[in-house]
Structures are given as structure tokens and as C-alpha cells.
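Architecture at a glance
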Amino acid sequence: MPQIAQDNALDSSLAFYREGYEFFRHRHRQFHTDIFQAKLLGKTYNCVFGEDAARMFYEPDRFTRQGALPSSTLKLLQDEGSVAVLDAEAHAQRKQMFLSLMTPEHLRAFAQLASEVLLDAAADQRSQNGGVINLDQALRGVLCDAACRWIDIRLERSELQRLTGELGAMIDNAGTIGPANWTARIRRWHSEQLLRQQVERVRAGSLVPRGGSGLEIIASHREPNGQLLAPEICAVELLNVLRPIVAISRFMTFAALALHQHSAAHAQLRSDDAFLEPFVQEVRRLTPFFPVVAGIAREDFDWRDYRFSKGDRFALDLYGTNRDPRAWDDPEAFRPERFIGWRGNAFTMIPQGGGDFGGHRCAGEWLTIAVMTSLMCTLVREIEYEVPEQDLTVDLSRIPAAPKSGFVIDVKSLH
């Protein structure tokens, strides 16, 4: 059996926080291999990338997510009891709850609603602030507002603004440790209490949600044993709808940056509907979102010439796999046309995870594509804006990354 390459540091956590998204790629290149071992936060991980590694990682029921992520990340992104940390039948049954929201009708309704809220927000900003908008921050509010309407969470304006800030803190600090992460966890607790109250009101009969809405589906969901989900778990799962939707603001900020950097694409998007989704897909491929997913082996297994044991930890490099030159021609170049006629590959294009949707692949991927396509159409065809001078550098040591300025636009007119 061949030896797995080793990152020989006693613990590579500081190097990971220093190098960010490039930590794994640097070492895959250094060792000339798709797998190396590194100690992160005191635990040894098999760090893998590429299509073959993704196929191995997403083999059904091979890995559990329970205990795979550090608590600093888990408590902000998923939390205990959520669908993301379930396995086998329990996971499949809970996953169907989320997939029931991802019908074409639901996706179209939300995508249209998000665009309408964006136009309203742009009009309000023009009247109140002369049209200058920090796009990343503005889109968080737009998407939180639209998501709450879509799943039928009913909040006062001040509550909605507070929830937007709390969801943003969860996203911004998921890759951090220390006081900022602790503060974000406290803010998450408030969000959970707010959403738990909505569920309890539904079950008490004092709030009647729209039939088929996210609130109605989650509040009435039963586990395989026939029991209703505990209200606190309902709140966690409602956050697992809302938070990823708000996180689309990060994708959209990078989409606006790509528009700014590629003027020819901007012109084509104004008139060519068929170019919208390829553009969105290329943004998703290249956007530094969350860099890795992690899992713990549930059983012994072989991969290539290696033998792994139950309990072994793995980290799949999403960022590197999306840029693997074996799968993508000129992988660092922004070329939306590569997705025209693309037939799809759930193991090379994995910005939100890979594999089958029945497994641990993000249930919201279809929604992300639909919303981004609709918002891009709105941004290029219904909003005239200029891009003031600003710092658009992207620090890849920051997880999740974003343009330093957040991408500021100056809205001149609305069509």
C-alpha cells in the first residue's frame, strides 16, 4: 500500500487560516497528488480533490457529517439536529422535506419575487441615498425579505432587519474562531427563538401559514417515528432555508464583479436569454464560497490503492475541484460559453457540494441558479448604474471571501 503524502506541520490550522482557499491547492501541487494528510484543529484529515475524489466522497452512506466540522462552523451553518448531520434513512426522509420546496413552480415564484424586491429596494435607495448601494449588504436585505415572504415568515420591519443582520453574521463568521464567532452564535440564538415562536404559533392555531409554504411544510413535518419535529429543530431547519438564500448575495456580488470586469458579457446578457444561465454557472464555478466539505467514514473502504478505516476524517476541496485543469480547459479564465450545451457533471462542478440530490448535495442549488438568473436579468436590463472607484480586491485568506468594498454601485435609473 502506498504512503499518503504528509503535511508535516504539528498542526496546519494556522496555515489554513493564513492561506484560506489556496491551502489545499498549494499542497496538492506540492505533493503532486490528489490526496495528502494534514492535522487541522488537532485531528488528522485526508485532504482530497478532483472528480475521482468527489465520486469517492459522495458514495451514498459512506460518510457521516456528524462531528466532521469544527463546532465554530457547525454552530453557525447547520447546528445539531439539522438535516446536514443526519445519515441514511433519517437524512433521506428529512431531505425530502426540503426538496418539496424545490418544485419548478416554487422556484419560479421565488425568483420572480426576489427580482421584484430588488427593484423596490433600488428605488427606495435612490430616493433616500441618491442611489449609492453596497450591493452585498443590500442583497442580503433583499433576499431575506423575499425568503421570509416566500416561506411565510411574518415579521415586523425591525424584526426583519435584525434577522438579516443575524443571518449575515452567521455567514461572515462561519470560517472564524474567537470572539466574532461567539458573538455570531449568540445572534443565531435570537434568530432560532424568533423562528421557534412562529412554529409554536402555527401549532397552537394562532398563525395559519399559506398551504405549501415553507413554514407550513416544516411545522407539520413528521419524523420516521411519526413524531412532529421538535420546535427547536423546526427553527434550525427554517434557518437552513433562510441562511443559504441570504448567502446567495455573495454569489451575486461576484456576479456583479464579473460583469464589471467583462463588459462584453454585460452587453450579451442584455439581449441573450440563453446566455444568462451559462454566465451564472461560470460565476458559481469560480466564486470562492466555502472551500471544503468534511466527512467521517462510516465503514472501512478502499479507494485507489489506499485502505481507509471507519472513523477516518476527510476534507474534499470544493474550490480546487472547480478549478481542476483535468476537468476544465483554462480553468482560471472566466468563460461562460463553456456552459452552453453543458450536460452537467455532479463531481466536477461542486460549488455547493456534489453527488446526487438524494444525498448531501445542497437542496438549494436549483434555487440558487434560478434566483441568480432572475437577479442577473434584473441587474443588467432594468437597473442602470455606474461603478465608482473602490477597492475590489478579494482576500482569499478570508472565508467566505468577498470583494473588499462589498461592490458599491451608483444607481442612475430604473426601467
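Residues numbered from 1 in each chain as written. Predicted model: local features only at pLDDT ≥ 70, side-chain atom pairs only at ≥ 80, totals over all residues. Heavy atoms only, no water.

**Comments concerning the overall build of the protein**
We count it as follows: Helix and strand labels come from DSSP, where a helix needs a run of H or I of at least four residues and a strand needs a run of E of at least two; each type is numbered from the N terminus. C-alpha atoms define the radius of gyration, and 2.2 Å times the number of residues to the power 0.38 defines the globule rule. Buried residues are those whose accessible area, probed at 1.4 Å on protein chains only, stays under 20% of the maximum for their type, while exposed residues exceed 50% and partly exposed ones sit between those limits. The contact criterion used throughout is that any non-hydrogen atoms of two residues lie within 4.5 Å. Note on areas: these come from Shrake-Rupley sampling with a 1.4 Å probe, and a residue is covered only by the protein chains present in the view.
Helix and strand counts for the protein stand at 15 helices and eleven strands. Compactness check: the protein gives a C-alpha radius of gyration of 21 Å against a globular reference of 22 Å for 415 residues, within 12% of the reference. With the C-alpha coordinates aligned to their principal axes, the bounding extent of the protein is approximately 65 × 55 × 45 Å. The buried share among the 415 residues of the protein stands at 56%. In the protein, the share of contacts with a sequence separation of at least 24, taken over all contacts with a separation of at least 6, comes to 73%. Summing over all exposed atoms, the protein offers an accessible surface of approximately 17,800 Å²; the carbon and sulfur share of this is 50%.

**Quick notes on the packing of aromatic side chains**
Geometrically, a pair of aromatic rings is defined through the distance of the ring centres and the angle of the planes. Here is the rule: When two rings of Phe, Tyr or Trp (its six-membered ring) have centres within 6.5 Å they constitute a pair, described as stacked for plane angles under 30 degrees, edge-to-face for angles over 60, and tilted for the intermediate range. By definition here, charges over rings are those cases where NZ of Lys or CZ of Arg is within 6 Å of the ring centre and within 35 degrees of the ring normal.
Evaluation of the coordinates by the stated rule reveals 24 aromatic pairs. An angle of 25° between the planes, with centres 4.9 Å apart, marks the rings of Phe-57 and Phe-63 as stacked. The burial state of Phe-57 is the same as that of Phe-63; both residues are buried. A connected cluster of aromatic rings, assembled from ring pairs, spans Phe-57, Tyr-58, Phe-63, Phe-301, Tyr-306, Phe-308 and Phe-314. The residue whose ring lies beneath Arg-62 is Phe-301, and the NZ or CZ to ring-centre distance is 4.3 Å. Above the ring of Trp-328, the side-chain terminus of Arg-285 is found at 5.2 Å from the ring centroid.

**Overview of empty space enclosed by the protein**
Formally: The way it works is a 1 Å grid over only the protein atoms, where trapped points that fit a 1.4 Å probe form a cavity and open points with protein on both sides within 12 Å along at least five of seven lines form a pocket, and then any residue with an atom within 4 Å of a point lines it. Grid points are joined across faces, edges and corners, and a volume is the space filled by probe spheres set on the points. Gly is placed with the polar residues, together with every amino acid not listed as nonpolar (Ala, Val, Leu, Ile, Met, Phe, Trp, Tyr, Cys and Pro) or charged (Asp, Glu, Lys and Arg).
Taken as a whole, this structure holds one cavity of 30 Å³ or more when the rule is applied. Taken as a whole, the largest cavity encloses approximately 50 Å³ of empty space. Lining the largest cavity, in full, are Tyr-21, Thr-287, Pro-288, Phe-289, Phe-290, Pro-291, Leu-318, Tyr-319, Asn-322 and Pro-351. Here the residues of the lining of the largest cavity sort into eight nonpolar, two polar and no charged.

**Here's the deal with the layout of surface pockets**
Once rolled over the atoms, a probe with the size of a water molecule shows which space is left empty. As a volume, the second largest pocket reaches approximately 510 Å³. Along the walls of the second largest pocket sit 25 residues, with Ala-121, Ala-138, Gly-141, Val-142 and Arg-157 positioned nearest its centre. The biggest single contributor to the lining of the second largest pocket is helix H6 (residues 104-129), with eight residues. By residue class, the composition of the lining of the second largest pocket is 13 nonpolar, seven polar and five charged.

**A short note on the environment of Glu-277**
Relative to the helices and strands, Glu-277 resides in helix H13 (residues 276-286). Between the alpha carbons of Glu-277 and Ser-374 there is a distance of 9.4 Å; along the sequence they are 97 residues apart. Once residues within four sequence positions are removed from consideration, Glu-277 is found in contact with Ile-369 and Thr-373.

**Digging into the packing of H6 against helix H7 (residues 135-151)**
The test is simple: Axis definition: a line fitted to C-alpha atoms, limited for helices to the stretch in contact. Angles are taken between N-to-C directions and run from 0 to 180 degrees. Here the angle decides the label: under 35 degrees means roughly parallel, over 145 means roughly antiparallel, 65 to 115 means roughly perpendicular, and every other value means oblique. In this scheme the handedness of a crossing depends on how the near helix is turned from the far one: anticlockwise by less than a right angle means left-handed, clockwise means right-handed.
It is the contact of H6 with H7, at a shortest axis distance of 9 Å, that shows an interaxial angle of 135°. Classed by the angle they form, the pair H6 and H7 counts as oblique. Considering how the two elements wind past one another, H6 and H7 form a crossing that is right-handed. Facing His-106, Phe-110, Leu-113, Ala-114, Val-117, Leu-118 and Ala-121 of H6, the residues of H7 in contact are Leu-139, Val-142, Leu-143, Asp-145, Ala-146, Ala-147, Arg-149 and Trp-150. Its residues placed into classes, the contact of H6 with H7 shows twelve nonpolar, one polar and two charged.

**Things to note about the nonpolar core**
As a reminder, the rule being used: The nonpolar core is taken to be a set of buried Ala, Val, Leu, Ile, Met, Phe, Trp, Tyr and Cys residues, with the residues joined through side-chain atoms within 4.5 Å.
In terms of nonpolar packing, the biggest core is built from 103 residues, with Trp-150, Phe-279, Leu-367 and Met-376 touching the most fellow members. With 19 residues, helix H11 (residues 231-261) is the single largest residue contributor to this core. Discounting chain neighbours no more than four positions away, the residues touching Met-376 are Met-252, Ala-255, Leu-259, Leu-269, Leu-276, Phe-279 and Val-280. Listed in part, the 20 residues of the second largest apolar core include Ile-4, Val-48, Tyr-58 and Leu-318.

**Here we look at the pairing of strand S10 (residues 383-386)**
The condition that has to hold: Strands are treated as partners if at least two bridges between them are detected by DSSP.
Burial along S10 is one-sided: Ile-383 and Tyr-385 are buried, while Glu-384 and Glu-386, pointing the other way, are not. For S10 and strand S11 (residues 408-414), the ladder comprises four bridges, and the chain directions are antiparallel. Residue pairing for S11: Ile-383 is matched across the bridge by Leu-414.

**Describing the sheet that holds S11**
As summarised here, the arrangement of the three strands in space is S5-S11-S10, forming an open sheet in which the pairing is antiparallel. A strand with exactly one partner marks an edge of an open sheet, and here the two such strands are strand S5 (132-134) and S10. In this sheet, adjacent strand axes meet at a mean angle of 45° when their direction is disregarded. In the sheet, S5 pairs with S11 via three bridges, with the strands oriented antiparallel.

**Quick word on the pattern of salt bridges**
Heads up, the condition is: By definition here, a salt bridge exists when the distance from a side-chain nitrogen of Lys or Arg to a carboxyl oxygen of Asp or Glu is within 4 Å.
One pass over the full model with this rule turns up 36 salt bridges. Where Arg-196 meets Glu-232, a salt bridge forms, and the shortest distance between an N and an O atom there is 3.7 Å. A residue pair is termed long-range when its members are at least 10 positions apart, and Arg-196 in helix H9 (residues 179-204) and Glu-232 in helix H11 qualify at 36 residues. Between Glu-365 and Arg-284 there is a salt bridge, and its shortest N-O distance comes to 3.1 Å. With Glu-365 in helix H15 (residues 365-381) and Arg-284 in helix H13, this residue pair connects regions lying 81 residues apart in the sequence. Arg-284 shares its class with Glu-365; the two are buried.

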